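# Structure at a glance
Residues per chain are reported as follows:
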Amino acid sequence: MEQKKKVGFNIIKNDPTDGHKGFGKGALSLEQVSPVIIDVEDDSAHIDIGAMHARSAVEKGIKFLKTKEEVPDAKPYWLVWVTVDRKEEGPYYAGVTACEMTVNRDIRRGYKSLPEHVNRMDKSLKRHIIVDVMDDRSKAILRDFLVSHNEDMWNLSSDELKNGLAVSEA
């Protein structure tokens, strides 16, 4: 059986505009953000770089509509933008923002708010934590994924992220 290449989180490289004040100074680099797709029903999460351009495996072949009501019996997903930064102690999860998405493969239709997805990616790049929109099951899937991906990065991450993804185990 052929193994797919496992993609990891992007780690920040040197600032390409370092040392000059011209064009591009202050621009955000997409090298430090990775899209994580959470499949709520399958209790799984994985990195899908295709989501950077709305071409993840979940999104391919789906026409997205403006309201959830237009997509009956849709499967719930979360697209989570995870930005990695580095401090003296090492890399950590600096920005984590979640966006809702639903897909009904049978009718090839789905729901997502493209402006929300773009704005949340921007917020993640700017080191915001927006996970309060997620349900507890999805938070637990994301937390477990981030911890298992790199526990050291999780340990160096902010209390805001850890508290945001803390769920009561019932």
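Everything below is about the structure printed above this text.
Residues numbered from 1 in each chain as written. Predicted model: local features only at pLDDT ≥ 70, side-chain atom pairs only at ≥ 80, totals over all residues. Heavy atoms only, no water.

What follows concerns the overall build of the chain. Looking only at helices and strands, one finds 4 helices and 7 strands in the chain. Secondary structure elements of the chain occur, N-terminal to C-terminal, as β-β-β-β-β-β-α-β-α-α-α. A burial count over the chain gives 42% of its 170 residues as buried. Partitioning the contacts of the chain with sequence separation of at least 6, the portion at a separation of at least 24 is 67%. Per element, the accessible surface of the chain, about 10200 Å² overall, is 48% carbon and sulfur. (Helix = DSSP H or I, 4+ residues; strand = E, 2+ residues; numbered from the N terminus. Buried < 20%, exposed > 50% of the residue type's maximum accessible area, 1.4 Å probe, protein only. Contact = heavy atoms within 4.5 Å. Areas by Shrake-Rupley, 256 points an atom, 1.4 Å probe, with all protein chains shown as cover.)

If you check helix H2 (residues 136-149), its first and last C-alpha atoms are 20 Å apart, about what 14 residues at 1.5 Å a residue would give, namely 20 Å. Of all the positions in H2, only Ser138, Lys139, Ala140, Ile141, Leu142, Arg143, Phe145 and Leu146 are classed as buried. Contacts from the buried residues of H2 go to strand E1 (33-39), strand E2 (44-47), strand E4 (75-87), strand E5 (90-104), helix H3 (151-156) and helix H4 (159-164). With a side-chain oxygen positioned 3.3 Å from the backbone nitrogen of Arg137, the residue opening H2 is Asp135. (Expected span 1.5 Å × (residues − 1). Polar contact = N/O pair within 3.5 Å; in protein donor to acceptor, adjacent residues only side chain to side chain.)

This part takes up unusual backbone geometry. A positive phi angle, near 55°, is found at Ala54, a position not held by glycine. Relative to the helices and strands, Ala54 is located in the loop between E2 and strand E3 (63-65). Positive phi, close to 50°, is recorded for Asp73, a residue that is not glycine. Summarising the element assignment, Asp73 is placed in the loop between E3 and E4. A residue is classified by how much of its surface remains accessible, and Asp73, at 75% relative accessible area, is exposed.

A general feature of soluble globular proteins is that nonpolar side chains tend to end up buried together. Counting 23 residues, the largest nonpolar core has Val36, Ile38, Val80, Tyr93, Val96 and Leu142 as the members making the most contacts within it. Counting residues per element, the ones that place at least two in this core are E1, E2, E4, E5, H2 and H3. Val58, Tyr77, Cys99 and Leu125 belong to the second-largest nonpolar core, a separate cluster that totals 14 residues. (Core = buried A, V, L, I, M, F, W, Y, C linked by side-chain atoms within 4.5 Å.)

Attention now moves to helix H1 (residues 114-125). For H1, spanning 12 residues, the distance from its first C-alpha to its last is 17 Å, which sits close to the expected 16 Å at 1.5 Å a residue. Every buried residue of H1 is listed here: His117, Arg120, Met121, Ser124 and Leu125. In an axial view of H1, the angular spread of the buried residues amounts to 140°, which keeps them on one side of the axis. Contacts from the buried residues of H1 go to E1, E4, E5 and strand E7 (129-130). Immediately downstream of H1, the backbone of Arg127 shows phi near 70°, a positive value. (Arc of directions from axis to C-beta.)

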